[in-house]
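Structural characterization, general
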Amino acid sequence: MDYTEIEKTTEKVENMLRIGVVTTTHGIRGEVKVFPTTDDVSRFKTCDEVILVTGEGNLILHVKSVKFFKNIVILGFREFDNINQVEAFRKCDLMVTREHALPLKEGEYYLCDVVGAKVVEEDGSLVGEITDVIETGANNVFAVRMESGKNVLFPVIPDCIKKVDTEAGVVTAHIMKGLMEL
């Protein structure tokens, strides 16, 4: 499809935050079903602009309509008005720039900001570096690569993760008994 009429952005994906993934089309008027990846799905009500990451570039889209059905968000965009225009967007990420992101409360952080952070013990000794954040149903888990090359999983719970400082790029952890033996 020709997207020359739609505004594009050269903003790098690493500098954006994913708020959802397009799963399929909805109806014949160009709406899409979106699986939300944000903690606050109500954010779609006030979301005016999103970036659709496609294989042909990142498109800036303007939200025209928002509906909720079970755990899915149904979005319509001003740029599209029929199913044929949006069929190719399945599995495409919907992103926002940091300026359009929800404000963080004290003690909160974006998961993408901890990847690459150094993990230190409470005494300041280096444990390793966070390589990934795994989102589970119960709690998140930090995948940490130790200096030895071994990977260890740290549950993001108060007993284990004591402090997250994204500005300094440091996570302070308490090494729970048996954690390093896994």
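Above this text sits the structure in question.
Structural notes, computed from the coordinates. (Residues numbered from 1 in each chain as written. Predicted model: local features only at pLDDT ≥ 70, side-chain atom pairs only at ≥ 80, totals over all residues. Heavy atoms only, no water.)

In terms of strand pairing, strand β8 (residues 118–121) meets strand β9 (residues 126–135) through three bridges, oriented antiparallel. Each residue of the ladder has a partner; that of valine 120, found in β9, is leucine 126. Here β8 hands over to β9 after four residues, with glycine 124 in that stretch at a positive phi of 95 degrees. Alignment of β8 against strand β13 (residues 170–173), held across four bridges, turns out to be parallel. Counted as the bridge partner of valine 120 is threonine 172 from β13. (Pairing = 2+ DSSP bridges. Helix = DSSP H or I, 4+ residues; strand = E, 2+ residues; numbered from the N terminus.)

With 24 residues, the main nonpolar core has Val50, Leu75, Phe77 and Leu94 as its most contacted residues. When contributions to this core are tallied by element, the ones reaching two or more residues are β2 (16–26), β3 (31–36), β4 (49–54), β5 (57–69), β6 (72–77) and β7 (93–97). Aside from chain neighbours lying at most four places away, what touches valine 50 is Ile19, Leu59, Ile60, Leu61, Val63, Phe77, Leu94, Met95 and Val96. Counting residues in hydrophobic clusters, the runner-up holds 16 residues, among them Ala117, Met146, Cys160 and Leu179. (Core = buried A, V, L, I, M, F, W, Y, C linked by side-chain atoms within 4.5 Å. Buried < 20%, exposed > 50% of the residue type's maximum accessible area, 1.4 Å probe, protein only. Contact = heavy atoms within 4.5 Å.)

The next point concerns the environment of phenylalanine 142. Mapped onto the secondary structure, phenylalanine 142 falls in strand β10 (residues 140–146). For phenylalanine 142, a relative accessible area of 1% gives the class buried. Linking phenylalanine 142 and leucine 111, residues 31 residues apart in sequence, is a C-alpha distance of 9.6 Å. With residues near it in sequence (within four places) discarded, phenylalanine 142 still touches Tyr109, Val114, Ile130, Asp132, Val133, Val152, Leu153, Phe154, Val156, Ile161 and Val171.

What follows is about the pairing of β5. With two bridges joining them, strand β1 (residues 8–9) and β5 adopt antiparallel strand pairing. If you follow threonine 9 over to β5, its bridge partner there is asparagine 58. Connecting β4 to the next strand, β5, in antiparallel fashion are two residues. Turn length for the β5-β6 hairpin, with the two strands adjacent in sequence and antiparallel, is two residues, and the turn residue lysine 70 shows positive phi of about 55 degrees.

Across the sheet, which stays open at both edges, the six strands sit in the order β11-β10-β9-β8-β13-β12 with mixed pairing between neighbours. This sheet does not close on itself; its edge strands, each paired only once, are β11 (151–155) and β12 (161–165). Adjacent strand axes in the sheet meet at a mean angle of 35 degrees when their direction is disregarded. (Axes fitted to C-alpha atoms, helices over the stretch in contact; angles between N-to-C directions.)

The next subject is the layout of surface pockets. Where empty space is left in the structure can be found by rolling a water-sized probe over the atoms. Looking at the largest pocket, its volume works out to about 910 Å³. If you trace the largest pocket, you find 26 residues lining it, with Thr37, Thr38, Asp39, Tyr110 and Leu111 closest to the centre. Elements that contribute at least two residues to the lining of the largest pocket include exactly β2, β7 and β9. In the lining of the largest pocket, the residues fall into 14 nonpolar, three polar and nine charged. Quantified by volume, the second largest pocket comes out at close to 150 Å³. When its residues are assigned to classes, the lining of the second largest pocket shows six nonpolar, two polar and one charged. (1 Å grid on protein atoms, 1.4 Å probe; cavity = no way out; pocket = protein on both sides within 12 Å on 5 of 7 lines; lining within 4 Å. Points joined across faces, edges and corners; volume = space filled by probe spheres on them. Nonpolar A, V, L, I, M, F, W, Y, C, P; charged D, E, K, R; others polar.)

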